[in-house]
Amino acid sequence: WRSIQYWQAAVPENTPVDVELGRSYNTGNRVSMKFGDYLDYLSKVTEQEEKDTEQLDQQEEVAYLAQNELFAEVRNDIPTPHFCSDGSFNVGEGKLYHSMLWLGPRGTVSPLHYDPLDNLLMQIVGNKRVLLYP
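Each chain carries its own residue numbering, running from 1 in the direction its sequence is written. Local features in a predicted model are, by the rule used here, given only for residues with pLDDT of at least 70; side-chain atom pairs are given and counted only at 80 or more, and totals for whole chains, interfaces and linings are based on all residues. Values shown for side chains rest on all heavy atoms present in the structure; no hydrogens or waters enter the calculation.

Concerning the packing of aromatic side chains
Part 1 of the reasoning: Each aromatic pair joins two rings of Phe, Tyr and Trp (for Trp, the six-membered one) with centres within 6.5 Å, and gets the label stacked for planes under 30 degrees apart, edge-to-face for over 60, and tilted for any other angle. Counted by the stated rule, this structure contains six aromatic pairs.
Part 2 of the reasoning: Both rings, one in tryptophan 7 and one in phenylalanine 35, keep their centres 6.0 Å apart while their planes meet at 75 degrees; by these two values the pair is edge-to-face. Of the two residues, tryptophan 7 sits in helix 1 (residues 4-10) while phenylalanine 35 sits in helix 2 (residues 35-51), which places them 28 residues apart along the sequence. An identical accessibility class is assigned to tryptophan 7 and phenylalanine 35; each is buried. Per the convention used, a helix needs a DSSP run of H or I reaching at least four residues, while a strand needs a run of E reaching at least two, with both numbered from the N terminus. The buried label goes to any residue with under 20% of its type's maximum accessible area, the exposed label to any with over 50%, and the partly exposed label to all in between, with areas taken from a 1.4 Å probe on protein chains only.

This is how it looks when you write it as structure tokens:
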């Protein structure tokens with residue numbers, strides 16, 4: 001999933017996606033665009049990151065593909081853990097409600113929030129700092 005070329009081959013470029021604009025998602029500035037256009041943006045940001053890390057850190061507006069349903073074309077890439085669909089584990093009532101996808105450049109931030117449904121976070125590329133509160 002690290003390769004933008006993989007995404008270009010797997011998901012049609014005209015697939016609509018919703019993107020948050022700002023330094024973190026949930027800023028209220030959400031726009032729709034084609035997935036191919038978003039991949040072009042990620043390519044440019046990645047190129048810039050390789051050239052000048054400091055300038056990237058100073059970027060004010062980041063485009064973060066947040067809270068989009070996982071594309072059907074890549075759903076089989078990651079098997080759903082058995083406990084997500086087996087009611088005997090008492091997780092999510094044994095129902096898988098959504099498989100969501102977030103894609104963003106380095107430095108993208110998810111603000112403090114509460115999710116009403118049980119979640120399983122799978123970080124495929126990069127790293128994420130997660131703080132859990134009781």
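Let's talk about the pattern of salt bridges
Part 1 of the reasoning: What makes a salt bridge here is a side-chain nitrogen of Lys or Arg within 4 Å of a carboxyl oxygen of Asp or Glu, nothing more. This model, assessed by the stated rule, comprises two salt bridges.
Part 2 of the reasoning: Here aspartate 18 and arginine 30 are joined by a salt bridge, their closest N and O atoms 4.0 Å apart. A residue pair is termed long-range when its members are at least 10 positions apart, and aspartate 18 in strand 1 (residues 16-22) and arginine 30 in strand 2 (residues 30-34) qualify at twelve residues.
Part 3 of the reasoning: Overall, the relative accessible area of 29% leaves aspartate 18 in the partly exposed class.
Part 4 of the reasoning: In this structure, arginine 30 and glutamate 20 form a salt bridge, with 2.9 Å as the shortest nitrogen-oxygen distance. Linking arginine 30 in strand 2 with glutamate 20 in strand 1, this pair joins segments that are ten residues apart in sequence.
Part 5 of the reasoning: Taking the relative accessible area as the measure of exposure, arginine 30 reaches 33% and is therefore partly exposed.
Part 6 of the reasoning: Residues participating in the shared-partner salt-bridge network are Asp18, Glu20 and Arg30.

Regarding the side chain of asparagine 68
Part 1 of the reasoning: By the element assignment, asparagine 68 lies in strand 3 (residues 62-69).
Part 2 of the reasoning: Two residues form a contact once any of their heavy atoms are found within 4.5 Å. If we ignore the near neighbours within four places in the chain, the residues touching asparagine 68 are Val17, Asp18, Arg30, Ser99, Met100 and Leu101.

Considering the pairing of strand 3
Part 1 of the reasoning: The buried fraction of strand 3 amounts to six of the eight residues, a majority that puts the element mostly inside the structure.
Part 2 of the reasoning: Bridging between strand 1 and strand 3 involves four bridges; their strand directions are antiparallel. Within the sheet, the bridge partner assigned to glycine 22 lies in strand 3 and is valine 62.
Part 3 of the reasoning: Bridging between strand 3 and strand 4 (residues 100-103) involves three bridges; their strand directions are antiparallel. Along strand 4, the bridge assignment pairs glutamate 69 with methionine 100. Two strands are counted as paired when DSSP detects at least two bridges linking them.

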